[in-house]
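Chain and residue survey
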Amino acid sequence: MSTSYEVLLTELAHEVGLPAAALLATEEIDIDGLSIGLQLEGEGPQAEVLLCCLLASPRADQWTATARAMLQANHLWSGTGGATLGMLPDDDRVSLSARRLLRDLDADKLAVLLAHTVDMGHAWQDFIVQGQGSALLAPFFPAASGLRG
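Here the residue numbering is sequential within each chain, running from 1 through the sequence in written order. Only residues with pLDDT of 70 or above have their local features reported here, since the model is predicted, and side-chain atom pairs are shown and tallied only from 80 upward, although totals for entire chains, interfaces and linings are computed over all residues. The side-chain figures draw on all heavy atoms in the structure; neither hydrogens nor water molecules are used.

On to the overall build of the protein, then. In DSSP terms, a helix is any run of H or I states spanning at least four residues, a strand is any run of E spanning at least two, and both are numbered starting from the N terminus. The helix and strand tally for the protein stands at four helices and five strands. Secondary structure elements of the protein, listed N to C terminal, follow the sequence α-α-β-β-β-α-β-β-α. Relative to its full complement of 149 residues, the protein shows a buried share of 39%. What makes two residues a contact is simply this: any of their non-hydrogen atoms within 4.5 Å. Excluding contacts between residues fewer than 6 apart, the proportion of contacts in the protein whose partners are at least 24 apart in sequence is 56%. For the area figures, the Shrake-Rupley method with a 1.4 Å probe applies, and any residue is considered shielded solely by the protein chains shown. Carbon and sulfur atoms make up 54% of the accessible area of the protein, which amounts to about 7900 Å² in all. Only protein chains enter the accessibility calculation, which uses a 1.4 Å probe; a residue whose area is less than 20% of its type maximum is buried, one above 50% is exposed, and one in between is partly exposed.

See below:
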């Protein structure tokens, strides 16, 4: 773990009222019931902070519609706010991941990125779990009205 990454997590912990030692040990933060893992990748000026949260698994009868929506949302990040949706190979759980250069982040910017990730994650999780169509994504994905299963 680089010193600047440790400083970033420590400052974030202080900003949001968490014990810094716990955040540094787990590199995971729970916000509104969504657990987001943090990880440092690389070093030097190209070092990146990765954020990843696991959402839900689509029902078997919704798999095609969910996969199609995810592919459309990933296209130019139009429905992910700059993040990427993926699917775990073992259990088909959907993941939402984002990455930012460490040098571009401070505690405030990371807190905003985490809040945005939580909002996006909840919208996609609701879409996956409820499987009731694209209206749930409309605030984040204006093209959602054109999604078809």
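Read on, since the account is not over.
Each strand in a sheet pairs with another by means of backbone hydrogen bonds, the pair being arranged parallel or else antiparallel. We treat two strands as partners when DSSP finds at least two bridges between them. Reading across from one edge, β1-β2-β3-β5-β4 is the order of the five strands in this open sheet, with antiparallel pairing throughout. Two strands close off the open sheet at either side, each with one partner strand: β1 (28-31) and β4 (84-87). Across the sheet, the mean angle separating the axes of adjacent strands is 30 degrees when strand polarity is ignored. Taken together, the six bridges between strand β2 (residues 34-41) and strand β3 (residues 48-54) define a ladder with antiparallel strand orientation. Only the stretch in contact is used when fitting a helix axis, every axis being a line fitted to C-alpha atoms; angles between N-to-C directions are given from 0 to 180 degrees.

Our next topic: the side chain of T80. Topologically, T80 is positioned in the loop between α3 (63-74) and β4. Under this definition, polar contacts are N or O atom pairs within 3.5 Å; protein pairs additionally need one hydrogen-donor-capable and one acceptor-capable atom, and for neighbouring residues in sequence, both atoms have to be side-chain atoms. Separated by 2.5 Å, the side chain of T80 and the backbone oxygen of A83 make a polar contact. Once residues within four sequence positions are removed from consideration, T80 is found in contact with A73, N74, L85, H116 and M120.

Turning our eyes to something else, we now look at helix α1 (residues 3-16). The span expected for a helix works out to 1.5 Å for each residue beyond the first. Here α1 is 14 residues long and its end C-alpha atoms lie 20 Å apart, about the 20 Å a rise of 1.5 Å per residue gives. G17 occupies a position one or two residues after α1 and carries a positive phi of about 80 degrees.

Turning next to the packing of aromatic side chains. Think of it this way: a Phe, Tyr or Trp ring, Trp meaning its six-membered ring, pairs with another when their centres are within 6.5 Å, and the plane angle makes it stacked under 30 degrees, edge-to-face over 60, tilted otherwise. Tallied over the entire structure, the rule returns one aromatic pair. Seen from their ring centres, W124 and F127 are 5.5 Å apart, and the 80 degrees between their planes marks the pair as edge-to-face. One end of the pair is W124 and the other is F127, both in helix α4 (residues 107-130) and three residues apart, which spans about a single turn. Residue classification places F127 among the buried residues on the basis of a relative accessible area of 7%.

Let us now look at the side chain of E48. Considering the arrangement of structural elements, one finds E48 in strand β3. The class for E48 is buried, based on a relative accessible area of 18%. At 2.4 Å, the side chain of E48 forms a polar contact with the side chain of R99. Ignoring anything within four residues of it in the chain, the contact list for E48 reads Q39, L40, E41, R99, R100, L101 and L102.

With that settled, the discussion passes to the pairing of β4. Relative to strand β5 (residues 94-101), β4 is paired through four bridges, and the arrangement is antiparallel. Looking across to β5, one finds that G86 is bridged to S95.

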